[in-house]
Amino acid sequence: MAFRSLRRYSWGLLFLIPEIVIFLVFLWIPIVKGIGYSFYKVDFVSGNTFVGLRNFREVLANPDLPTAVKNTLVYMFWALVIGFWIPIAMAVSVSELKRFQGPARIVGYLPSIIPAIVLYGMWQWFYDPVGPINTFLNSVGLPEFDFYSKGHAVFSLIIMETWQNFGSAALIYVAGLASIPKDLYEAAELDGAGVWARIRYVTLPGIKNLVLLLLVLQLIATSQAFQSQMLMFGGGPDNATLTYLLLMTREAFVYFDFGRASALATLMFLFLAAISILTLKLRRGDDPA
Amino acid sequence: MKPPRDRAIMSPHDFRKTGVKIAYGFMVIGVCLISLSMLYPFVNTFLNSLKSTEEFFAFPPPFFPSRWLWQNYKDSLDYLDIFLYFKNTLYIYAGNALVSLTFMGLAAYSLAHLKVPAKKWISLYFMSTLMIPAASYLIPNFLNLKDLGLLNTFWAFWLPAGANAFYLLILINFFEGIHKEMLESARIDGASEFRCVLSIAVPLSVPIIVTLLLLGFSTVWNDFYWSSLVLKTEKLPIGAAIYTMIIYPGSTINWNVRFAILTMTLVPPAVLFLFFQKYIIGGLSLGAVKG
């Protein structure tokens, strides 16, 4: 009996087992081990020793932690305020264009093909004290703008990232806008709704789900940001761009304290898990469907 | 006569109002300005790569170089053996594509069309990894590769490339669209499941496979941080090589040489984009449809 059911499933299992093993070895084991490491002092030479909650205590006592948390939240906030609405406005504008819609879409997407490292190289020059932006400001008689100063660094980053990413988000919105039935606009217009009213009551509700989805995706992505902070500013000046993840990677690959780094990762994991459980609960309470 | 254009938010009737006309004008100007700001960095990067160092710091800096200095490209090879790193990148990419498509393809086919015990649980086993933030296993992943003895080998990229729940999900969705009858009749004709995958599922999924190949390419071409941790200098892919040797904070390498390297790095993805635009833009909506 067992043999026959095994035969029945043999192809299905044969095809699945390699992938199950890959997921186990390269995802699940690291995920579980990561939580384990946060209770150990990781030492490559003399082996790991269990230290209980010491890593957590040290991490929480680190004066850089509040800075990193604050910086991450500030970055997430401004990325929303500055960057989030632009693709929506752009998508609406592009779908209204009477011609050249195709080229506008392609041009908007172009920055997304730039590899991260090339992007940083380009923008290091744009933001340079003698780079094109400051030369332009000088030539029209304005004072130089220090993109690298403590107060400006976050905004410099967000402008760069918005420039790169908004095209692909805009294309997703364009697809969403195209799926809104045209009769709705027709009907709204007959009822006397002006252009703004049509955008407010037809267009935006029509892409509501997409907006929410991209909002969540952006929050997830910005909460884990560290690469551009590291490369453009090295976390500085004066820790102004030190994000939570940058702190974590520093612990691991600069100070080689993998235990403390794992403790930071575990804390973040717990925090994000709590948030997603909370949103799930709220959503369930929200709509009965 | 041309058929009337499909209306959008604004109808022809609206355009009789001056206010709407003016607003539309501003909108068009806005789109044009944004498009220019999208193109400028590309043109600027290319032209900068041909300038002399003096021109770089001249005031005001010329937009076009006075003489096109292709020498910069030659000089850049002294700093970075770009062909070696291109080769490494392609090598990593080829292995990634092979491993990930083979194993994910088989698994996706199995979940979509074969009898498997506890299918729901197996799907959950794969898909729940989507909910776990990648950042939380960055460090243990590194330690895990170290324990497995895979540091500084290309296997450290090839094998984990197969552990991508998002691509797996896309493949499963696509395979589910293949009609069961087609597979059924192939089976009656005596085809094994392997044959079914190779001769029916794969040919029918060429568009999605191309999209995944392109996504995979940009992942490899983009990555610089992770590979700089895992690999040693001579094995680095292009992004990590530039990161460790050219564009680290505080680098003093001449700007024109830097831009020559950046331009060369930009060419392959740009060419791919021009040829496979349709697939790349199609791939974007895959991400959105998921939710």
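### Considerations on the overall build of chain A
Moving on, step 1. Summing up its helical and strand segments, chain A has 13 helices and two strands in all.
Moving on, step 2. In terms of overall dimensions, chain A is more spread out than a globule: its C-alpha atoms have a radius of gyration of 25 Å, far above the 19 Å expected for 289 residues.
Moving on, step 3. Overall size of chain A, expressed as C-alpha extent along the three principal axes, is 70 × 70 × 35 Å.
Moving on, step 4. Burial status across chain A gives 49% buried among its 289 residues.
Moving on, step 5. Considering only contacts in chain A between residues 6 or more positions apart, those separated by 24 or more positions represent 63%.
Moving on, step 6. Of the roughly 14,500 Å² that chain A leaves accessible, carbon and sulfur atoms contribute 69%.
Moving on, step 7. Averaging the positions of the 21 positive and the 18 negative side-chain charges in chain A gives two centres separated by 11 Å.

### Examining the overall build of chain B
Moving on, step 1. For chain B, the count of helices and strands is 14 helices and zero strands.
Moving on, step 2. Starting at the N terminus and ending at the C terminus, chain B contains elements arranged as α-α-α-α-α-α-α-α-α-α-α-α-α-α.
Moving on, step 3. The principal-axis extent of the C-alpha atoms belonging to chain B is close to 75 × 65 × 35 Å.
Moving on, step 4. Evaluated residue by residue, chain B yields a buried proportion of 50% over its 291 residues.
Moving on, step 5. Put simply, of all contacts in chain B between residues at least 6 apart along the chain, 69% involve residues at least 24 apart.
Moving on, step 6. Within the structure as shown, chain B displays about 14,500 Å² of accessible surface, and the carbon and sulfur contribution to it stands at 69%.
Moving on, step 7. Across chain B, the 22 positively charged side chains and the 15 negatively charged ones have centroids separated by 8 Å.

### A closer look at the pattern of salt bridges
Moving on, step 1. Under the counting rule described, the total for this entry stands at eight salt bridges over all chains.
Moving on, step 2. With its nearest N and O atoms 3.4 Å apart, the salt bridge here joins A:D257 to A:R260.
Moving on, step 3. With a relative accessible area of 16%, A:D257 lands in the buried category.
Moving on, step 4. For B:E193, the salt bridge identified is with B:R187, shortest N-O distance 2.6 Å.
Moving on, step 5. On the basis of relative accessibility, which here comes to 23%, the residue B:R187 falls in the partly exposed class.
Moving on, step 6. Taken together, the shared-partner salt bridges in this structure form one network comprising A:R54, A:E58, A:E251, A:D257 and A:R260.

### A word on the packing of helix α4 (residues 82–113) of chain B against helix α8 (residues 165–176) of chain B
Residues and elements named next belong to chain B.
Moving on, step 1. α8 packs onto α4 with a crossing angle of 45° between their chain directions and a minimal axis gap of 8 Å. Between α4 and α8, the angle is such that the two are oblique. The handedness of the crossing between α4 and α8 comes out as right-handed. Taken together, the residues of α8 that come into contact with α4 (itself represented by M104, G105, A107, A108, Y109, L111, A112 and H113) are Y167, L168, L171, I172, F175 and E176.
Moving on, step 2. By residue class, the composition of the contact of α4 with α8 is eleven nonpolar, two polar and one charged.

### Brief notes about the domain arrangement of chain B
Moving on, step 1. By the assigned domains, chain B splits into domain 1 (14–72) and domain 2 (80–245).
Moving on, step 2. Of note, the centres of domain 1 of chain B and domain 2 of chain B, computed from C-alpha atoms alone, are 39 Å apart.

### Looking at the interface of chain B and chain A
Moving on, step 1. Tallying the contact residues gives 102 residues for chain B and 88 residues for chain A.
Moving on, step 2. For the pair chain B and chain A, the summed buried area comes to about 8,800 Å², and 78% of that belongs to carbon and sulfur atoms.
Moving on, step 3. For chain B, the biggest contributors to the area lost against chain A are B:R7, B:I9 and B:M38; these three give 8% of the whole.
Moving on, step 4. At the boundary of chain B with chain A, the tally comes to one salt bridge.
Moving on, step 5. Here A:K33 ties to B:D147 by a salt bridge, and the two come within 3.3 Å at their closest N and O atoms.
Moving on, step 6. The interface formed by chain B and chain A contains 13 residue pairs in polar contact (both at pLDDT 80 or more).
Moving on, step 7. Considering every element that reaches the side of chain B that touches chain A, the biggest residue donor is helix α1 (residues 18–48) of chain B, with 16 residues.
Moving on, step 8. Tallied by class, residues from the side of chain B that touches chain A come to 71 nonpolar, 22 polar and nine charged.

### Brief notes about α8(B)
Moving on, step 1. The terminal C-alpha atoms of α8(B) lie 16 Å apart, and with twelve residues this matches the ideal 16 Å at 1.5 Å per residue to within 8%.
Moving on, step 2. If you check which residues of α8(B) are buried, you get B:A165, B:Y167, B:L168, B:I170, B:L171, B:I172 and B:F175.

### Examining the domain arrangement of chain A
Moving on, step 1. Domain annotation of chain A identifies domain 1 (2–37) and domain 2 (54–286).
Moving on, step 2. Once you take the C-alpha centre of each, domain 1 of chain A and domain 2 of chain A turn out to be 36 Å apart.

### Let's talk about the packing of aromatic side chains
Moving on, step 1. Tallied over the entire structure, the rule returns 40 aromatic pairs over all chains.
Moving on, step 2. An angle of 70° between the planes, with centres 5.3 Å apart, marks the rings of A:W123 and A:Y127 as edge-to-face.
Moving on, step 3. Accessibility expressed as a relative area gives 7% for A:W123, which makes it buried.
Moving on, step 4. With 5.1 Å between their ring centres and 80° between their planes, A:F226 and B:Y225 make a pair best called edge-to-face. Highlighted residues: A:F226 in the loop between α10 (208–223) and α11 (227–233) and B:Y225 in helix α12 (residues 225–230), drawn from two different chains. We note that A:F226, like B:Y225, is buried.
Moving on, step 5. Put simply, the rings of A:W123, A:F126, A:Y127, A:F145, A:F147, A:W163 and B:Y40 touch in pairs and so form one group of aromatic residues.
Moving on, step 6. One cation-aromatic arrangement involves B:K235 over B:F154; the distance from NZ or CZ to the ring centre is 5.9 Å.

What counts, and where the lines are drawn
- Residues numbered from 1 in each chain as written.
- Chains lettered and ligands numbered in written order.
- Predicted model: local features only at pLDDT ≥ 70, side-chain atom pairs only at ≥ 80, totals over all residues.
- Heavy atoms only, no water.
- Helix = DSSP H or I, 4+ residues; strand = E, 2+ residues; numbered from the N terminus.
- Rg over C-alpha atoms; globule rule 2.2 N^0.38 Å.
- Buried < 20%, exposed > 50% of the residue type's maximum accessible area, 1.4 Å probe, protein only.
- Contact = heavy atoms within 4.5 Å.
- Areas by Shrake-Rupley, 256 points an atom, 1.4 Å probe, with all protein chains shown as cover.
- Lys, Arg positive; Asp, Glu negative; His and termini not counted.
- Charge placed at Lys NZ, Arg CZ, Asp CG, Glu CD.
- Salt bridge = Lys/Arg side-chain N within 4 Å of Asp/Glu carboxyl O.
- Axes fitted to C-alpha atoms, helices over the stretch in contact; angles between N-to-C directions.
- Parallel < 35°, antiparallel > 145°, perpendicular 65-115°, else oblique.
- Left-handed = near helix turned anticlockwise from the far one by under 90°.
- Nonpolar A, V, L, I, M, F, W, Y, C, P; charged D, E, K, R; others polar.
- Domains from an automatic or database assignment.
- Buried area = accessible area lost by both parts, 1.4 Å probe.
- Polar contact = N/O pair within 3.5 Å; in protein donor to acceptor, adjacent residues only side chain to side chain.
- Expected span 1.5 Å × (residues − 1).
- Phe/Tyr/Trp six-rings, centres within 6.5 Å; stacked < 30°, edge-to-face > 60°.
- Lys NZ or Arg CZ within 6 Å of the ring centre and 35° of its normal.

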